[in-house]
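# Commentary on secondary and tertiary structure
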Amino acid sequence: MKPPMKPSMKPGQRDDLYATRAMPGDFVFDERVAAVFDDMIHRSVPGYATIVAMTAALAERYCPPGTRIYDLGCSLGAASLAIADRLQGRDCEIIAVDSSRPMLDGLESRRAELGVRAGAMQCRHQDIRDCVIENASLVILNFTLQFITPEDRSGLMQRIHAGMTGRGAMILSEKIVLPDPELNSLYIDVHHEFKRAMGYSELEISRKRAALEKVLLPETVADHRARLADAGFESVEQWFQCLNWVSMLARKRDER
Ligand code: GEK
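First, a word on scope: everything that follows refers to the structure included in this document. (Residues numbered from 1 in each chain as written. Predicted model: local features only at pLDDT ≥ 70, side-chain atom pairs only at ≥ 80, totals over all residues. Heavy atoms only, no water.)

Looking at the element boundaries, Glu204 is found in helix α7 (residues 202-212). With a relative accessible area of 8%, Glu204 lands in the buried category. Residues Glu204 and Ala49, 155 residues apart in the sequence, show an inter-C-alpha distance of 22 Å. Contact partners of Glu204, with chain neighbours within four places excluded, come to Asp15, Asp16, Tyr18, Ala19 and Gly199. (Helix = DSSP H or I, 4+ residues; strand = E, 2+ residues; numbered from the N terminus. Buried < 20%, exposed > 50% of the residue type's maximum accessible area, 1.4 Å probe, protein only. Contact = heavy atoms within 4.5 Å.)

Structure below.
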């Protein structure tokens, strides 16, 4: 048996983008962010490693041979590479999509280093709103929908649902906002405490928060559930939550 690839074995640079000076303007996924992204997301999203590992475990259950797995907003491909490792030898195609060229360059070099067969993984430099979804047994949106303009979110969900196989599923992970403002600020405060414990300074936390304010637009779990139901998903389970970070599994109706 082939040994596991250890997809996260190559550490990127440490994220100190907001330590010494404010990066000008809104947050963008450029080459500076891509270079530190692995460190940034692990130190910013509580439970990120668990979500990636469980995404791969769920892929094993949901992806029969001959189907496709879409990782929309794949960044450096943490989920795609973990799935490629887990499903070694299974005839499934992973389509990893991102609109950031530096992120995809990072994924392509990791894929080459880990020896993932080109036929097993396709990397697409594309806006996920233009991506045709076909024969998808699993669609992954790990912390990507929150960056899509709210008016475009329902159309995207409908296209995803239409492109899924009868027994397909979607994993949707998002930063959320809570309907109770008091609880919402409590979670935000405790999340900042988490970031301080992960080595970010007060200044870094507040600069990053300002940079993300207009580009990361979180919604409530109720908003997500309503949109998923509208798009036709039959059942939605929230399988993970840590503070204002959640992951949901949405299943399509079995049409056999
Ligand atoms: C992970 N899933 O490591 N089309 C394509 N890509 C987009 C678009 C778009 N319209 N908008 C944003 N992106 C990853 C983490 S990060 C989350 C996802 C974060 C891409 C963007 O370039 C970035 O790579 C990714 O979505 C969001 O599990 O940084 O908090």
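Here we take up the site of the ligand. The environment of the ligand is formed by 21 residues, the closest being Tyr48, Gly73, Ser75, Asp98 and Asn142. In this structure, an oxygen atom belonging to the ligand sits 2.6 Å away from a side-chain N or O atom of Asp98. At 2.9 Å, a backbone N or O of Ile128 approaches a nitrogen atom of the ligand. Across the shell around the ligand, the residue classes tally to 10 nonpolar, 8 polar and 3 charged. (Near = heavy atom within 4 Å. Polar contact = N/O pair within 3.5 Å; in protein donor to acceptor, adjacent residues only side chain to side chain. Nonpolar A, V, L, I, M, F, W, Y, C, P; charged D, E, K, R; others polar.)

Turning to the packing of aromatic side chains, a few remarks are in order. The final tally for this structure, using the stated rule, is 3 aromatic pairs. Summarising the aromatic geometry, the rings of Phe143 and Trp245 are spaced 5.8 Å apart at their centres and angled 70 degrees between planes, so their arrangement reads as edge-to-face. One end of the pair, Phe143, is in the loop between β4 (136-142) and α5 (150-162); the other, Trp245, is in strand β7 (residues 245-251), and 102 residues separate them in sequence. Trp245 carries the same exposure label as Phe143, and that label is buried. Ring geometry for Trp239 and Phe240: centres 5.8 Å apart, planes at 55 degrees, overall tilted. Accessibility expressed as a relative area gives 28% for Trp239, which makes it partly exposed. Between the NZ or CZ atom of Arg43 and the centre of the ring of Tyr200, over which it lies, the distance is 4.0 Å. Just above the ring of Tyr200 sits the side chain of Lys195; from NZ or CZ to the centre is 4.9 Å. (Phe/Tyr/Trp six-rings, centres within 6.5 Å; stacked < 30°, edge-to-face > 60°. Lys NZ or Arg CZ within 6 Å of the ring centre and 35° of its normal.)

Sheet architecture is open: 7 strands sit in the order β3-β2-β1-β4-β5-β7-β6, paired in mixed fashion. Looking at the sheet topology across the chains shown, the edges are occupied by β3 (121-125) and β6 (235-242). The mean angle between the axes of side-by-side strands here comes to 15 degrees, regardless of whether they run parallel or antiparallel. Against the sheet, helix α4 (residues 101-114) engages β2 (93-98) and β3, with an angle of about 165 degrees to β3. (Pairing = 2+ DSSP bridges. Axes fitted to C-alpha atoms, helices over the stretch in contact; angles between N-to-C directions.)

The tally for this structure, following the rule as stated, stands at 0 disulfides. Here Cys74 stays free of any disulfide, with the sulfur of Cys123 as its closest cysteine sulfur at 6.6 Å. Judged by its relative accessible area of 6%, Cys74 is buried. (Disulfide = S-S within 2.5 Å.)

What follows deals with the environment of Arg209. Structurally, Arg209 is set in helix α7. Overall, the relative accessible area of 48% leaves Arg209 in the partly exposed class. It is 9.9 Å that separates the C-alpha atoms of Arg209 and Asp26, two residues lying 183 residues apart in sequence. The residues contacting Arg209, other than those within four sequence positions of it, are Ile188 and His192.

With 5 bridges connecting them, β2 and β3 associate as parallel partners. From the neighbouring strand, Val97 faces β3, where its bridge partner is Arg124. Tracing the backbone out of β2, into α4 and back to the parallel element β3 gives a crossover that is right-handed. (Right-handed = clockwise from strand over helix to strand, strands pointing away.)

Throughout the structure, instances matching the rule amount to 14 salt bridges. Arg110 is the salt-bridge partner of Asp38, the closest N and O atoms lying 3.7 Å from each other. With Asp38 in helix α1 (residues 31-44) and Arg110 in helix α4, the pair connects residues that are 72 residues apart, well separated along the chain. Exposure class is identical for Asp38 and Arg110. Each is buried. Put simply, Glu60 and Arg86 hold a salt bridge, and the shortest N to O gap is 2.6 Å. A residue pair is termed long-range when its members are at least 10 positions apart, and Glu60 in helix α2 (residues 48-62) and Arg86 in helix α3 (residues 78-86) qualify at 26 residues. (Salt bridge = Lys/Arg side-chain N within 4 Å of Asp/Glu carboxyl O.)

That is the geometry; function is a separate question.
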